[in-house]
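One-letter residues, chain by chain:
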Amino acid sequence: MPFVELDTNLPAGSVPAGLEKRLCAATAAILGKPEDRVNVTVRPGLLMAVNGSAEPCAQLLVSSIGVVGTAEENRGHSARLFEFLTKELKLGQDRIVVRFYPVEPWQIGKKGTVMTFL
């Protein structure tokens, strides 16, 4: 059950319509998870700086069970996520940061329990 959070200082009007749906589909394909398990939040218009600069930028946080736990996995995920984000947001790679967080099934609640028991 991946969670994807995209923070950007781009104004909402500069974020492509439907980005959350395309990011959901791209994340599912990249991580090899069913699209109906991916959760996406897009937060535009934030006060942000990347590399000490407040020029247009984005930070992507990817949390998931079992698929973001190694450098090798994340190197491949990173390449594909950067390809998606640079195209969609029209930002250079130096203006985007991606953070990966592995989570355990007991850390995600759903249907009144945690994923461990589902």
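Residues numbered from 1 in each chain as written. Predicted model: local features only at pLDDT ≥ 70, side-chain atom pairs only at ≥ 80, totals over all residues. Heavy atoms only, no water.

Asker: Any chance you could explain the pairing of strand E4 (residues 96-103) here in plain terms?
Answerer: Pairing between strand E3 (residues 58-65) and E4: eight bridges, direction parallel. Bridge pairing in E4 links Ala 58 to Ile 96. (Pairing = 2+ DSSP bridges. Helix = DSSP H or I, 4+ residues; strand = E, 2+ residues; numbered from the N terminus.)

Asker: Explain the side chain of Asp 7 to me, please; I cannot follow it from the model alone.
Answerer: Tracing the backbone shows Asp 7 in strand E1 (residues 3-8). Asp 7 sits in the buried class, given a relative accessible area of 17%. A polar side-chain atom of Asp 7 sits 2.7 Å from a polar atom in the side chain of Arg 43. Residue contacts for Asp 7: discarding those within four places in its chain leaves Arg 43, Leu 46, Met 48, Cys 57, Ala 58 and Gln 59. (Buried < 20%, exposed > 50% of the residue type's maximum accessible area, 1.4 Å probe, protein only. Polar contact = N/O pair within 3.5 Å; in protein donor to acceptor, adjacent residues only side chain to side chain. Contact = heavy atoms within 4.5 Å.)

Asker: What is the right way to read the packing of helix H1 (residues 19-31) against helix H2 (residues 71-89) from this model?
Answerer: What describes two packed helices is the angle between their axes and the distance between those same axes. At their nearest, the axes of H1 and H2 sit 10 Å apart, and the two run at 160° to each other. In terms of axis orientation, H1 runs roughly antiparallel to H2. Considering the relative orientation of H1 and H2, their crossing is right-handed. Every residue of H2 that contacts H1 at Leu 19, Arg 22, Leu 23, Ala 26, Thr 27, Ala 29, Ile 30 and Leu 31 is listed here: His 77, Arg 80, Leu 81, Phe 84, Glu 88 and Leu 89. Looking at the contact of H1 with H2 residue by residue, the classes come out as nine nonpolar, two polar and three charged. (Axes fitted to C-alpha atoms, helices over the stretch in contact; angles between N-to-C directions. Parallel < 35°, antiparallel > 145°, perpendicular 65-115°, else oblique. Left-handed = near helix turned anticlockwise from the far one by under 90°. Nonpolar A, V, L, I, M, F, W, Y, C, P; charged D, E, K, R; others polar.)

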